[in-house]
Amino acid sequence: MDIWKVLGILPTRDKNAIKAAYHEQLTQVHPEEKPEEFKALRAAYEQALQEAEAAAAALPGDAEAARAHLDAFAARLFGEGVTTRFRPSFF
């Protein structure tokens with residue numbers, strides 16, 4: 001299972017983007033109507049959050065703060081949500 005396809009976003013370490021994508025998908029996948037799809041969505045969401053936390057833990061020193069500043073700058077420059085679509089995967 002490709003967690004990013006299930007969530008409908010490109011790979012990211014941004015927890016807020018992961019949460020937003022999950023909540024967006026929840027509007028289309030109701031647990032009682034589509035239980036199997038909901039289970040897959042929930043599993044993708046949890047795995048994406050775990051990967052984001054692991055990546056954040058692997059960043060040395062102030063790299064996490066620097067990334068947050070970069071995200072804020074890109075959001076101001078390009079608009080909200082653009083940072084997750086166009087940010088290179090190495091961040």
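Reading the values: rules and limits
- Residues numbered from 1 in each chain as written.
- Predicted model: local features only at pLDDT ≥ 70, side-chain atom pairs only at ≥ 80, totals over all residues.
- Heavy atoms only, no water.
- Core = buried A, V, L, I, M, F, W, Y, C linked by side-chain atoms within 4.5 Å.
- Buried < 20%, exposed > 50% of the residue type's maximum accessible area, 1.4 Å probe, protein only.
- Helix = DSSP H or I, 4+ residues; strand = E, 2+ residues; numbered from the N terminus.
- Contact = heavy atoms within 4.5 Å.
- Salt bridge = Lys/Arg side-chain N within 4 Å of Asp/Glu carboxyl O.

Notes on the nonpolar core
Here is step 1: Within the largest apolar cluster, 13 residues are counted, with the highest numbers of intra-cluster contacts made by W4, L7, I18, Y45 and A48.
Here is step 2: Those elements giving two or more residues to this core turn out to be α1 (3–7), α2 (15–26) and α3 (35–58).
Here is step 3: At 6 residues, the largest contribution of residues to this core is made by α3.
Here is step 4: When near neighbours in sequence (up to four residues on either side) are disregarded, Y45 contacts L7, I18, K19 and Y22.

Quick notes on the environment of D71
Here is step 1: Within the secondary structure layout, D71 lies in helix α4 (residues 63–78).
Here is step 2: What makes D71 buried here is its relative accessible area of 13%.

Digging into the side chain of Q25
Here is step 1: Locating Q25 in the fold gives a position in helix α2.
Here is step 2: Excluding residues that lie within four positions of it along the chain, Q25 makes contacts with V6, L7, G8 and L41.

Things to note about the pattern of salt bridges
Here is step 1: All told, the structure shown has 3 salt bridges when counted by the stated rule.
Here is step 2: One salt bridge in this structure joins E53 and K15, with 3.8 Å as the shortest N-O distance. Taken together, the residues span a long stretch of sequence, with E53 in helix α3 and K15 in helix α2 at a distance of 38 residues.
Here is step 3: Of the residues examined, E53 reaches a relative accessible area of 45% and is grouped as partly exposed.
Here is step 4: K15 sits in the partly exposed class, given a relative accessible area of 33%.
Here is step 5: Salt-bridge contacts for E36 lead to K39; the nearest nitrogen and oxygen are separated by 3.7 Å. Linking E36 with K39, this pair stays in helix α3, spanning 3 residues, or about one helical turn.
Here is step 6: Overall, the relative accessible area of 53% leaves K39 in the exposed class.

Structural measurements only, silent on function.
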